[in-house]
Amino acid sequence: MSEKKTLFQKIIDGEIPSDFVYKDDICVAFRDINPKAPVHILIVPLKPIPSIMELTPKDSEMVSHLIYTAKKLAEDEACKGYRLQFNVGEKGGQIIFHLHLHLMGWR
Ligand code: AMP
């Protein structure tokens, strides 16, 4: 009956430990296990949407919230500059099919 949980769903549910830096009622944020920048944080909505491809107009506020959360976390981490990235679909380099925004920052 139940669909298989993604790795990020297991992290959200506390079944797999992670280095959390933020949580609210829309998203969580934790450090990427394989950082590609001095600051590499993943901002993940609690709503289990697989990727940007599945977004509907109803999700626009949630997506704005992910971006604004990334901006605040970049400030908290004293980033002087940063990249925000969604990998979309296998061809776009996405490995985990639970929507997430990469914050990659430099101090
Ligand atoms: P993507 O290619 O956009 O799907 O990115 C998935 C990201 O998840 C990669 O940057 C991985 O390093 C990261 N990742 C994989 N497993 C974990 C984990 N257990 N905790 C934190 N980050 C992870």
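Residues numbered from 1 in each chain as written. Predicted model: local features only at pLDDT ≥ 70, side-chain atom pairs only at ≥ 80, totals over all residues. Heavy atoms only, no water.

K.L.:
Would you mind going over the pattern of salt bridges in detail, with residue names and values included?
P.N.:
A complete count under the given rule lists 7 salt bridges for this structure. Across the pair E75 and K71 runs a salt bridge whose closest N-O atoms are separated by 2.5 Å. In this pair, E75 and K71 both sit in helix α2 (residues 60-76), 4 residues apart, roughly one turn of the helix. The structure contains a network of salt bridges with shared partners spanning D19, R31, E77 and R107. (Salt bridge = Lys/Arg side-chain N within 4 Å of Asp/Glu carboxyl O. Helix = DSSP H or I, 4+ residues; strand = E, 2+ residues; numbered from the N terminus.)

K.L.:
Can you lay out a nonpolar patch on the surface for me, pointing to particular residues and giving the numbers?
P.N.:
There is a patch of nonpolar side chains on the surface, built from I67, Y82 and L84 and spanning about 250 Å² of accessible area. Examined against the element boundaries, Y82 turns out to sit in strand β4 (residues 81-85). Using a relative accessible area of 39% as the deciding quantity, one classes Y82 as partly exposed. (Patch = residues over 30% accessible without salt bridge, like charges linked within 9 Å, V, L, I, M, F, W, Y side chains within 5 Å. Areas by Shrake-Rupley, 256 points an atom, 1.4 Å probe, with all protein chains shown as cover. Buried < 20%, exposed > 50% of the residue type's maximum accessible area, 1.4 Å probe, protein only.)

K.L.:
So what's going on with the site of the ligand? Which residues, and what values?
P.N.:
Within the structure, the ligand sits among 17 residues, and D32, G93, I95, H100 and H102 are positioned closest to it. Interatomic distance of 2.8 Å between a backbone N/O atom of G93 and an oxygen atom of the ligand. For the ligand, an oxygen atom lies 2.7 Å from a polar atom in the side chain of H100. In isolation the ligand exposes 510 Å². Once the protein is present, 87% of that is buried. Of all the secondary-structure elements, those providing two or more residues to the shell around the ligand are α1 (7-12) and β2 (27-31). A per-element tally of the shell around the ligand places α1 first, with 3 residues. Looking at the shell around the ligand, its residues break down into 8 nonpolar, 6 polar and 3 charged. (Near = heavy atom within 4 Å. Polar contact = N/O pair within 3.5 Å; in protein donor to acceptor, adjacent residues only side chain to side chain. Nonpolar A, V, L, I, M, F, W, Y, C, P; charged D, E, K, R; others polar.)

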